[in-house]
Amino acid sequence: MAQEKEYFEEIMVEGMVLGKISLPWEELEPYLRSFVPKIDNWSVCDSFCTGLKIALREPEKMWQFLQEYLASGEAYEIRFAVVMILKYYVDENYRESAFEWFDRICHPDYYVKMAVSWAVSCYYVKFPEETKEYLKCDRMDVFTHNKAIQKIRESRCVSAPQKQELLLLKR
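Note that the structure is predicted; figures quoted are calculated from it, not measured.

1. Here we look at the overall build of the chain
Part 1 of the argument: Tallying secondary structure elements over the chain gives 11 helices and 0 strands in all.
Part 2 of the argument: For the chain, the succession of helices and strands along the chain, N to C, is α-α-α-α-α-α-α-α-α-α-α.
Part 3 of the argument: Computed over its C-alpha atoms, the radius of gyration of the chain comes to 17 Å, within 12% of the 16 Å expected for a compact globule of 171 residues.
Part 4 of the argument: Each principal axis of the C-alpha atoms in the chain carries an extent, and together these give about 60 × 30 × 25 Å.
Part 5 of the argument: Burial analysis of the chain (171 residues in total) assigns 48% to the buried set.
Part 6 of the argument: The long-range fraction of contacts in the chain, counting pairs at least 24 apart against all pairs at least 6 apart in sequence, stands at 72%.

What follows is the structure, encoded as structure tokens:
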């Protein structure tokens, strides 16, 4: 008998439970691998990422785990990895690697592009000069590049002069 597709609410609850379970990385990882392919919308993705606090306890193991999803061809696998970066890795230690990944991500999906632009805006708030330099020579597509600038300019954490300066970087 074929298994019926799970309902949105079932998938959402499963993601929430995985975020709350206090298991060692080695025990939790197979469950995470099983769950990520079930992500098929931004709501499940972003909610799951927000609750996935093991990234705080095991940042290096999670970072390594995210690498395969960053390189995926599946939109919501990529979005999962990018949202995890913006939630847990807006940090000096990961900034250059994150920027390199943002340049490599070349997926046409709107929700992937929005996640990357959102992540870049988060980096700008914490590292304005470094992110501005990144934006001067990034390899993101035009939509994602300009959307990142728009998201930065919409932030209340960015000064008016910075917002004005960013307009010069639009493509």
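From this point on, the discussion continues.
2. Looking at the packing of aromatic side chains
Part 1 of the argument: Scanning the model with the defined rule gives 17 aromatic pairs in all.
Part 2 of the argument: One aromatic cluster is present, formed by Trp-25, Phe-35, Phe-48, Phe-65, Tyr-69 and Phe-80 through successive ring pairs.
Part 3 of the argument: Against the face of Phe-127 rests Arg-95, its NZ or CZ located 5.0 Å from the ring centre.
Part 4 of the argument: Stacked on the ring of Trp-101, the Lys or Arg Arg-104 has its end atom at 4.2 Å from the ring centre.

3. Looking at the pattern of salt bridges
As a working rule, side chains carrying opposite charge can pair if their charged atoms are close by.
Part 1 of the argument: Counted under the stated rule, the structure contains 16 salt bridges.
Part 2 of the argument: Across the pair Glu-29 and Arg-33 runs a salt bridge, and its minimum N-O distance is 2.9 Å. Of the two residues, Glu-29 and Arg-33 are both situated in helix H2 (residues 25-35); the distance of 4 residues between them amounts to about one turn of the helix.
Part 3 of the argument: Given the relative accessible area of 32%, Arg-33 is considered partly exposed.
Part 4 of the argument: Linking Glu-96 and Arg-95 is a salt bridge whose minimum nitrogen-to-oxygen distance equals 3.6 Å.
Part 5 of the argument: For Arg-95, a relative accessible area of 7% translates into the label buried.
Part 6 of the argument: Through salt bridges that share partners, Glu-6, Glu-14 and Lys-38 make up one connected network.

4. A short note on empty space enclosed by the protein
Space left empty within the atom packing is revealed by a probe, the size of a water molecule, rolled over the atoms.
Part 1 of the argument: Under the defined criterion, the tally for this structure stands at 1 cavity of 30 Å³ or more.
Part 2 of the argument: Of the voids in this model, the largest cavity is the one considered here, and its volume is about 60 Å³.
Part 3 of the argument: The dominant element in the lining of the largest cavity, judged by the number of residues it contributes, is helix H8 (residues 110-126), at 3 residues.
Part 4 of the argument: Among the residues making up the lining of the largest cavity, the classes are represented as 6 nonpolar, 2 polar and 2 charged.

5. Let's talk about the environment of Trp-118
Part 1 of the argument: Considering the arrangement of structural elements, one finds Trp-118 in helix H8.
Part 2 of the argument: Separated by 40 residues in the primary sequence, Trp-118 and Val-158 have C-alpha atoms spaced 14 Å apart.
Part 3 of the argument: Among residues more than four places away in sequence, those in contact with Trp-118 are Asp-46, Arg-79, Val-83, Leu-86, Lys-87 and Lys-151.

What counts, and where the lines are drawn
Residues numbered from 1 in each chain as written. Predicted model: local features only at pLDDT ≥ 70, side-chain atom pairs only at ≥ 80, totals over all residues. Heavy atoms only, no water. Helix = DSSP H or I, 4+ residues; strand = E, 2+ residues; numbered from the N terminus. Rg over C-alpha atoms; globule rule 2.2 N^0.38 Å. Buried < 20%, exposed > 50% of the residue type's maximum accessible area, 1.4 Å probe, protein only. Contact = heavy atoms within 4.5 Å. Phe/Tyr/Trp six-rings, centres within 6.5 Å; stacked < 30°, edge-to-face > 60°. Lys NZ or Arg CZ within 6 Å of the ring centre and 35° of its normal. Salt bridge = Lys/Arg side-chain N within 4 Å of Asp/Glu carboxyl O. 1 Å grid on protein atoms, 1.4 Å probe; cavity = no way out; pocket = protein on both sides within 12 Å on 5 of 7 lines; lining within 4 Å. Points joined across faces, edges and corners; volume = space filled by probe spheres on them. Nonpolar A, V, L, I, M, F, W, Y, C, P; charged D, E, K, R; others polar.

So far we have only geometry, and geometry alone does not tell us how the molecule works.
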